[in-house]
Amino acid sequence: MARDPAFVLRYLAEVEELAEDVLAARQQIVDLDVKRNRNREALRALQKDPEPDEKAMVCFGGMFIELPKAKTREMLRQDQEELDEEINNLRKELRVKVNRLYEAQGKPELKGFNLDPMSAEEMKLINRILEG
């Protein structure tokens, strides 16, 4: 059965665009995760410092600023929370994008891909039930 070349070209362009969206989202998640790990390392270094009342040098863009360590820790924690939220949102969007790509390719939807992790509260309840 011969297919219209314009149809095939549109189909391939659509699949390629969807695949590029998936790859871009994955790369963005990786980049944000690297930033989150750097922030975690900085928080850990601030916690290990024996002189907590001093100031710390913080790099903003291309310049260094000296800030109190308490303020620096709070800024890093807030940044961590924002990064966690953004990464989780990107992962949810990635699921949708992957499903759209699979649908465009005629493949079945991935099984178990839409699972969400249990929250800390849910884990506590499960552990309490299991313990007795």
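One structure accompanies this document, and this report is about it. (Residues numbered from 1 in each chain as written. Predicted model: local features only at pLDDT ≥ 70, side-chain atom pairs only at ≥ 80, totals over all residues. Heavy atoms only, no water.)

**Digging into the layout of surface pockets**
To find leftover empty space, a probe the size of one water molecule is rolled over the atoms. In this structure, the largest pocket encloses a volume near 280 Å³. In terms of lining residues, the largest pocket is bounded by Lys 35, Arg 38, Asn 39, Ala 56, Met 57, Val 58, Cys 59, Phe 60, Thr 72, Met 75, Leu 76 and Asp 79. Put simply, the parts of the chain that give the lining of the largest pocket at least two residues each are helix H1 (5–48), strand E1 (55–60) and helix H2 (69–105). The greatest single-element share of the lining of the largest pocket, amounting to five residues, is contributed by E1. Looking at the lining of the largest pocket residue by residue, the class counts come to seven nonpolar, two polar and three charged. One number sums up the size of the second largest pocket: a volume of about 170 Å³. Residue lining of the second largest pocket: Asn 88, Arg 91, Lys 92, Arg 95, Asp 116 and Pro 117, and that is the complete set. Split into classes, the residues belonging to the lining of the second largest pocket amount to one nonpolar, one polar and four charged. (1 Å grid on protein atoms, 1.4 Å probe; cavity = no way out; pocket = protein on both sides within 12 Å on 5 of 7 lines; lining within 4 Å. Points joined across faces, edges and corners; volume = space filled by probe spheres on them. Helix = DSSP H or I, 4+ residues; strand = E, 2+ residues; numbered from the N terminus. Nonpolar A, V, L, I, M, F, W, Y, C, P; charged D, E, K, R; others polar.)

**Describing the environment of Leu 43**
Examined against the element boundaries, Leu 43 turns out to sit in helix H1. Judged by relative accessible area, which is 11%, Leu 43 ranks as buried. A C-alpha to C-alpha distance of 9.9 Å links Leu 43 and Lys 69, two positions 26 residues apart in sequence. Ignoring anything within four residues of it in the chain, the contact list for Leu 43 reads Arg 73, Leu 76, Arg 77 and Gln 80. (Buried < 20%, exposed > 50% of the residue type's maximum accessible area, 1.4 Å probe, protein only. Contact = heavy atoms within 4.5 Å.)

**Let's talk about the nonpolar core**
As a rule of thumb, nonpolar side chains are buried together in soluble globular proteins. Judged by nonpolar contacts, the single largest core of 13 residues is most densely connected at Val 22, Ile 29, Leu 32, Leu 94 and Leu 101. Of all elements in the fold, only H1 and H2 reach the threshold of two or more residues within this core. No other element matches H2, which puts seven residues into this core. (Core = buried A, V, L, I, M, F, W, Y, C linked by side-chain atoms within 4.5 Å.)

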